[in-house]
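Here are the chains, one letter per residue:
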Amino acid sequence: MFDPELYDAFYTEQNVTVALTVFAVGKYLDAYLKDFLTSAEKHFMPGLRVVYYIFTDSPERVPEIQLGPQRSIVIMKVEKHKRWQDISMMRMLTITNVIESHIRHQARYVFCLDVDQMFVSRWGSEALGDSVAQLHAFYYNKPADILTYDRNPKSMAYMERGDTYYHAAIFGGTWENVQRLAESCYLGIMTDKRNEVEALWHDESHLNKYFWIVKPTKVLSPEYCWSTKIEHGSELHFARLLWAEKHYNDLRQ
(Lines give C-alpha, C1' and ligand atoms only; values in the text may rest on other atoms or scores of the structure.)
Protein backbone atom coordinates (compact mmCIF):
# COMPACT_ATOMS: atom_id res chain seq x y z
CA MET A 1 0.00 0.00 0.00
CA PHE A 2 1.40 3.39 -0.97
CA ASP A 3 1.79 6.30 1.44
CA PRO A 4 -0.29 9.16 -0.04
CA GLU A 5 1.43 11.75 2.13
CA LEU A 6 4.80 10.95 0.54
CA TYR A 7 3.39 11.35 -2.96
CA ASP A 8 1.61 14.59 -2.09
CA ALA A 9 4.69 16.05 -0.38
CA PHE A 10 6.86 15.25 -3.42
CA TYR A 11 4.55 16.96 -5.92
CA THR A 12 3.72 19.85 -3.58
CA GLU A 13 7.42 20.63 -3.29
CA GLN A 14 7.57 20.79 -7.08
CA ASN A 15 4.68 23.26 -7.11
CA VAL A 16 2.81 21.05 -9.60
CA THR A 17 -0.40 22.07 -11.35
CA VAL A 18 -2.72 19.45 -12.83
CA ALA A 19 -5.21 20.17 -15.62
CA LEU A 20 -8.38 18.09 -15.82
CA THR A 21 -10.32 18.16 -19.08
CA VAL A 22 -13.94 17.05 -19.33
CA PHE A 23 -16.55 17.32 -22.10
CA ALA A 24 -20.17 18.02 -21.12
CA VAL A 25 -22.11 18.36 -24.36
CA GLY A 26 -25.87 18.22 -24.89
CA LYS A 27 -27.79 16.34 -22.22
CA TYR A 28 -24.59 15.11 -20.59
CA LEU A 29 -24.11 18.53 -19.00
CA ASP A 30 -27.27 18.47 -16.90
CA ALA A 31 -27.09 14.75 -16.22
CA TYR A 32 -23.51 14.47 -14.97
CA LEU A 33 -21.36 17.60 -14.74
CA LYS A 34 -22.36 18.87 -11.30
CA ASP A 35 -21.80 15.52 -9.60
CA PHE A 36 -18.53 15.06 -11.48
CA LEU A 37 -17.14 18.43 -10.39
CA THR A 38 -18.44 18.25 -6.83
CA SER A 39 -16.89 14.83 -6.30
CA ALA A 40 -13.64 15.95 -7.97
CA GLU A 41 -13.36 18.78 -5.47
CA LYS A 42 -13.47 16.21 -2.68
CA HIS A 43 -11.18 13.57 -4.11
CA PHE A 44 -9.18 14.61 -7.21
CA MET A 45 -5.55 15.56 -6.55
CA PRO A 46 -6.05 16.80 -2.96
CA GLY A 47 -3.57 19.46 -1.94
CA LEU A 48 -2.42 20.25 -5.48
CA ARG A 49 -3.31 23.10 -7.81
CA VAL A 50 -5.99 21.99 -10.27
CA VAL A 51 -7.46 23.72 -13.31
CA TYR A 52 -10.69 22.21 -14.66
CA TYR A 53 -11.18 22.67 -18.39
CA ILE A 54 -14.86 22.21 -19.21
CA PHE A 55 -15.82 21.87 -22.86
CA THR A 56 -19.50 22.38 -23.58
CA ASP A 57 -21.92 23.64 -26.16
CA SER A 58 -23.84 25.52 -23.43
CA PRO A 59 -21.41 27.52 -21.25
CA GLU A 60 -24.27 29.41 -19.61
CA ARG A 61 -25.59 26.17 -18.11
CA VAL A 62 -22.40 25.09 -16.38
CA PRO A 63 -23.29 24.80 -12.67
CA GLU A 64 -21.57 26.96 -10.08
CA ILE A 65 -19.34 24.86 -7.84
CA GLN A 66 -17.72 25.89 -4.58
CA LEU A 67 -14.03 25.55 -5.32
CA GLY A 68 -11.27 25.00 -2.80
CA PRO A 69 -7.98 26.91 -2.59
CA GLN A 70 -5.76 26.64 -5.67
CA ARG A 71 -8.63 25.32 -7.80
CA SER A 72 -10.08 27.09 -10.83
CA ILE A 73 -12.38 26.46 -13.79
CA VAL A 74 -11.95 27.40 -17.45
CA ILE A 75 -15.06 27.01 -19.61
CA MET A 76 -14.68 26.65 -23.36
CA LYS A 77 -17.43 26.42 -25.94
CA VAL A 78 -17.32 23.57 -28.43
CA GLU A 79 -19.53 22.43 -31.25
CA LYS A 80 -22.23 19.83 -30.63
CA HIS A 81 -21.95 17.17 -33.31
CA LYS A 82 -25.03 15.30 -34.45
CA ARG A 83 -23.63 11.89 -33.53
CA TRP A 84 -22.26 11.09 -30.08
CA GLN A 85 -19.49 9.10 -31.78
CA ASP A 86 -18.23 12.28 -33.42
CA ILE A 87 -18.30 14.16 -30.11
CA SER A 88 -16.19 11.41 -28.61
CA MET A 89 -13.72 11.24 -31.49
CA MET A 90 -13.33 14.96 -32.16
CA ARG A 91 -12.42 15.68 -28.55
CA MET A 92 -8.93 14.52 -29.50
CA LEU A 93 -8.52 17.57 -31.73
CA THR A 94 -9.85 19.88 -29.02
CA ILE A 95 -7.50 18.42 -26.42
CA THR A 96 -4.55 18.78 -28.79
CA ASN A 97 -5.37 22.43 -29.46
CA VAL A 98 -6.12 23.50 -25.90
CA ILE A 99 -2.89 21.96 -24.66
CA GLU A 100 -1.04 24.09 -27.19
CA SER A 101 -2.97 27.30 -26.50
CA HIS A 102 -3.49 27.09 -22.73
CA ILE A 103 -2.52 24.03 -20.72
CA ARG A 104 1.17 23.88 -21.62
CA HIS A 105 1.56 27.37 -20.10
CA GLN A 106 -0.31 26.51 -16.88
CA ALA A 107 0.08 22.84 -15.94
CA ARG A 108 2.71 20.11 -15.98
CA TYR A 109 0.23 17.23 -16.04
CA VAL A 110 -3.09 16.66 -17.80
CA PHE A 111 -5.84 14.14 -17.18
CA CYS A 112 -8.70 13.67 -19.63
CA LEU A 113 -11.84 12.09 -18.16
CA ASP A 114 -15.36 11.28 -19.31
CA VAL A 115 -18.04 13.26 -17.50
CA ASP A 116 -20.35 10.34 -16.70
CA GLN A 117 -18.27 9.26 -13.71
CA MET A 118 -18.04 10.16 -10.04
CA PHE A 119 -15.10 10.23 -7.65
CA VAL A 120 -15.82 8.30 -4.45
CA SER A 121 -12.43 8.24 -2.70
CA ARG A 122 -8.93 9.60 -3.05
CA TRP A 123 -7.77 9.93 -6.68
CA GLY A 124 -4.51 11.62 -6.01
CA SER A 125 -0.92 12.38 -6.95
CA GLU A 126 0.00 8.68 -6.94
CA ALA A 127 -1.72 8.57 -10.36
CA LEU A 128 0.63 11.13 -11.90
CA GLY A 129 3.17 9.93 -14.43
CA ASP A 130 4.74 10.71 -17.78
CA SER A 131 2.13 8.71 -19.72
CA VAL A 132 -0.82 7.23 -17.85
CA ALA A 133 -3.30 4.64 -19.13
CA GLN A 134 -6.35 3.13 -17.43
CA LEU A 135 -7.04 -0.61 -17.39
CA HIS A 136 -10.58 -1.23 -18.62
CA ALA A 137 -12.63 -2.59 -15.74
CA PHE A 138 -14.50 -5.05 -17.92
CA TYR A 139 -11.40 -6.50 -19.57
CA TYR A 140 -8.47 -6.27 -17.17
CA ASN A 141 -8.63 -9.98 -16.26
CA LYS A 142 -9.83 -11.34 -19.60
CA PRO A 143 -7.74 -13.40 -22.06
CA ALA A 144 -6.13 -11.46 -24.88
CA ASP A 145 -8.10 -13.22 -27.61
CA ILE A 146 -11.42 -11.64 -26.53
CA LEU A 147 -10.19 -8.06 -26.07
CA THR A 148 -12.20 -5.77 -28.31
CA TYR A 149 -9.50 -4.18 -30.45
CA ASP A 150 -10.42 -2.96 -33.91
CA ARG A 151 -9.96 -5.93 -36.26
CA ASN A 152 -10.64 -4.11 -39.52
CA PRO A 153 -7.38 -3.88 -41.54
CA LYS A 154 -8.75 -0.83 -43.34
CA SER A 155 -8.78 1.21 -40.10
CA MET A 156 -5.78 3.05 -38.70
CA ALA A 157 -6.81 1.58 -35.33
CA TYR A 158 -6.42 -1.99 -36.59
CA MET A 159 -4.67 -4.37 -34.20
CA GLU A 160 -3.99 -7.98 -35.04
CA ARG A 161 -3.10 -8.64 -31.43
CA GLY A 162 -2.53 -6.83 -28.15
CA ASP A 163 -1.67 -7.46 -24.53
CA THR A 164 -3.82 -5.02 -22.54
CA TYR A 165 -7.09 -3.23 -23.18
CA TYR A 166 -7.25 0.39 -22.00
CA HIS A 167 -10.27 2.56 -21.25
CA ALA A 168 -10.49 5.93 -23.01
CA ALA A 169 -12.61 7.29 -20.16
CA ILE A 170 -9.31 8.17 -18.45
CA PHE A 171 -5.88 8.97 -19.82
CA GLY A 172 -3.22 11.42 -18.79
CA GLY A 173 0.41 12.31 -18.26
CA THR A 174 2.66 15.25 -18.93
CA TRP A 175 1.16 17.74 -21.33
CA GLU A 176 3.69 16.78 -24.00
CA ASN A 177 2.75 13.10 -23.92
CA VAL A 178 -0.99 13.71 -23.78
CA GLN A 179 -0.71 16.06 -26.73
CA ARG A 180 1.18 13.43 -28.74
CA LEU A 181 -1.43 10.79 -27.91
CA ALA A 182 -4.40 13.01 -28.73
CA GLU A 183 -2.87 14.25 -31.98
CA SER A 184 -2.02 10.70 -33.06
CA CYS A 185 -5.57 9.52 -32.35
CA TYR A 186 -7.04 12.51 -34.21
CA LEU A 187 -4.88 11.90 -37.29
CA GLY A 188 -5.92 8.23 -37.29
CA ILE A 189 -9.58 9.18 -36.97
CA MET A 190 -9.38 11.66 -39.84
CA THR A 191 -7.56 9.17 -42.07
CA ASP A 192 -10.35 6.68 -41.37
CA LYS A 193 -12.97 9.29 -42.23
CA ARG A 194 -11.31 9.97 -45.57
CA ASN A 195 -11.33 6.24 -46.24
CA GLU A 196 -14.96 5.94 -45.07
CA VAL A 197 -13.98 3.74 -42.16
CA GLU A 198 -14.92 4.03 -38.48
CA ALA A 199 -13.05 2.17 -35.76
CA LEU A 200 -15.04 -0.26 -33.63
CA TRP A 201 -14.86 1.75 -30.40
CA HIS A 202 -14.04 5.09 -32.02
CA ASP A 203 -11.39 7.10 -30.14
CA GLU A 204 -10.87 4.24 -27.68
CA SER A 205 -9.77 1.96 -30.51
CA HIS A 206 -7.25 4.54 -31.66
CA LEU A 207 -6.05 5.06 -28.08
CA ASN A 208 -5.41 1.34 -27.70
CA LYS A 209 -3.47 1.29 -30.97
CA TYR A 210 -1.34 4.19 -29.75
CA PHE A 211 -0.58 2.53 -26.40
CA TRP A 212 0.26 -0.72 -28.20
CA ILE A 213 3.00 1.14 -30.09
CA VAL A 214 3.98 3.73 -27.45
CA LYS A 215 3.71 2.01 -24.08
CA PRO A 216 2.39 4.02 -21.12
CA THR A 217 4.79 4.55 -18.24
CA LYS A 218 2.06 4.04 -15.65
CA VAL A 219 -1.07 1.87 -15.79
CA LEU A 220 -3.86 2.53 -13.31
CA SER A 221 -5.65 -0.40 -11.73
CA PRO A 222 -9.43 -0.80 -12.26
CA GLU A 223 -10.10 0.82 -8.87
CA TYR A 224 -9.43 4.16 -10.60
CA CYS A 225 -12.38 3.62 -12.97
CA TRP A 226 -14.79 0.96 -11.76
CA SER A 227 -18.36 -0.12 -12.51
CA THR A 228 -20.61 -1.52 -9.80
CA LYS A 229 -22.23 -3.74 -12.43
CA ILE A 230 -19.12 -5.89 -12.64
CA GLU A 231 -19.47 -9.13 -10.75
CA HIS A 232 -15.88 -10.34 -10.95
CA GLY A 233 -14.43 -7.68 -8.65
CA SER A 234 -13.97 -9.69 -5.49
CA GLU A 235 -10.25 -8.84 -5.66
CA LEU A 236 -11.06 -5.11 -5.68
CA HIS A 237 -11.01 -3.82 -2.11
CA PHE A 238 -12.46 -0.41 -2.87
CA ALA A 239 -13.08 1.93 -5.78
CA ARG A 240 -11.81 5.45 -6.29
CA LEU A 241 -14.07 6.44 -9.17
CA LEU A 242 -17.32 4.85 -10.33
CA TRP A 243 -19.18 4.92 -13.61
CA ALA A 244 -22.41 6.85 -13.26
CA GLU A 245 -25.72 5.29 -14.24
CA LYS A 246 -25.95 5.26 -18.02
CA HIS A 247 -29.11 6.37 -19.82
CA TYR A 248 -27.82 6.23 -23.37
CA ASN A 249 -31.21 5.97 -25.08
CA ASP A 250 -32.15 9.38 -23.73
CA LEU A 251 -28.77 11.10 -23.57
CA ARG A 252 -27.67 10.26 -27.11
CA GLN A 253 -30.83 11.39 -28.88
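Residues numbered from 1 in each chain as written. Predicted model: local features only at pLDDT ≥ 70, side-chain atom pairs only at ≥ 80, totals over all residues. Heavy atoms only, no water.

(A) Fine view of the sheet that holds strand β8 (residues 218–220). Pairing within the open sheet is mixed, and its seven strands lie in the order β3-β2-β1-β4-β7-β6-β8. Across the chains shown, the open sheet's two edge strands, defined by having one partner strand only, are β3 (71–77) and β8. Across the sheet, the axes of successive neighbouring strands diverge by a mean angle of 20°, strand direction being ignored. As defined by bridge partners, strand β1 (residues 17–23) adjoins strand β4 (residues 109–113) across five bridges and the pair is classed as parallel. (Pairing = 2+ DSSP bridges. Helix = DSSP H or I, 4+ residues; strand = E, 2+ residues; numbered from the N terminus. Axes fitted to C-alpha atoms, helices over the stretch in contact; angles between N-to-C directions.)

(B) The arrangement of the environment of leucine 220 in detail. Positionally, leucine 220 belongs in strand β8. For the pair formed by leucine 220 and glutamine 134, sequence separation is 86 residues and the distance between their alpha carbons is 4.9 Å. Excluding anything up to four places from it in sequence, leucine 220 contacts Trp123, Ala127, Val132, Ala133, Gln134, Leu135 and Ile170. (Contact = heavy atoms within 4.5 Å.)

(C) Spotlight on helix α4 (residues 175–194). Given a rise of 1.5 Å per residue, 20 residues ought to cover 28 Å, and the 28 Å separating the end C-alpha atoms of α4 matches this to within 8%. Of all the positions in α4, only Trp175, Val178, Gln179, Leu181, Ala182, Cys185, Tyr186, Gly188, Ile189, Thr191 and Asp192 are classed as buried. The first or second residue beyond α4 is glutamate 196, which carries a positive phi of 55°. (Expected span 1.5 Å × (residues − 1). Buried < 20%, exposed > 50% of the residue type's maximum accessible area, 1.4 Å probe, protein only.)

(D) Quick look at unusual backbone geometry. The phi angle at methionine 45 is positive, at roughly 50°, despite the residue not being glycine. Mapped onto the secondary structure, methionine 45 falls in the loop between α2 (27–43) and β2 (49–56). Here the phi dihedral of glutamine 70 falls at roughly 65°; this positive angle occurs in a residue that is not glycine. Residue placement: glutamine 70 occurs in the loop between β2 and β3.

(E) Structural view of the packing of α4 against helix α5 (residues 203–213). Between α4 and α5, whose axes approach to 9 Å, the crossing angle comes to 125°. One finds that α4 runs oblique with respect to α5. The handedness of the crossing between α4 and α5 is right-handed. Residues Asn177, Arg180, Leu181, Ser184, Cys185, Gly188, Ile189 and Asp192 of α4 form the contact with α5, whose participating residues are Asp203, His206, Leu207, Tyr210 and Phe211. (Parallel < 35°, antiparallel > 145°, perpendicular 65-115°, else oblique. Left-handed = near helix turned anticlockwise from the far one by under 90°.)

(F) Local environment of the pattern of salt bridges. In total, this model carries 11 salt bridges according to the counting rule given. A salt bridge links arginine 104 to glutamate 100, with the shortest nitrogen-to-oxygen separation between them at 3.9 Å. Residue arginine 104 and its partner glutamate 100 are located together in helix α3 (residues 84–106), separated by four residues, close to a single helical turn. The class of glutamate 100 is partly exposed, set by a relative accessible area of 42%. A salt bridge links arginine 108 to glutamate 176; the shortest N-O distance between them is 2.9 Å. Here glutamate 176 lies in helix α4 and arginine 108 lies in the loop between α3 and β4, a separation of 68 residues in the sequence. Under the relative-accessibility criterion, arginine 108 is labelled partly exposed at 36%. The class for glutamate 176 is partly exposed, based on a relative accessible area of 23%. When salt bridges that share partners are traced, they join Asp8, Arg122 and Glu126 into one network. (Salt bridge = Lys/Arg side-chain N within 4 Å of Asp/Glu carboxyl O.)

(G) How the structure looks around the nonpolar core. Ranked by size, the top nonpolar core spans 37 residues in total, and within it Val18, Leu33, Phe44, Met45, Phe111 and Trp123 carry the most contacts. When contributions to this core are tallied by element, the ones reaching two or more residues are β1, α2, β2, β4 and β7 (166–174). Of all the elements, α2 adds the most residues to this core, at seven residues. Each residue touching leucine 33, except ones within four places of it in the same chain, is listed here: Val22, Ala24, Tyr28, Ile54, Val62, Pro63 and Val115. Ranked by size, the runner-up nonpolar core spans 31 residues in total, among them Met76, Leu135, Trp175 and Ala182. (Core = buried A, V, L, I, M, F, W, Y, C linked by side-chain atoms within 4.5 Å.)

(H) Representation of the pairing of β2 within the structure. Counting buried residues along β2, seven of its eight residues qualify, which places the element largely inside the surrounding structure. Inspection of the sheet shows β1 paired to β2 by seven bridges, in the parallel sense. Paired with phenylalanine 23 across the bridge in β2 is phenylalanine 55. The pairing of β2 with β3 spans seven bridges and is parallel.

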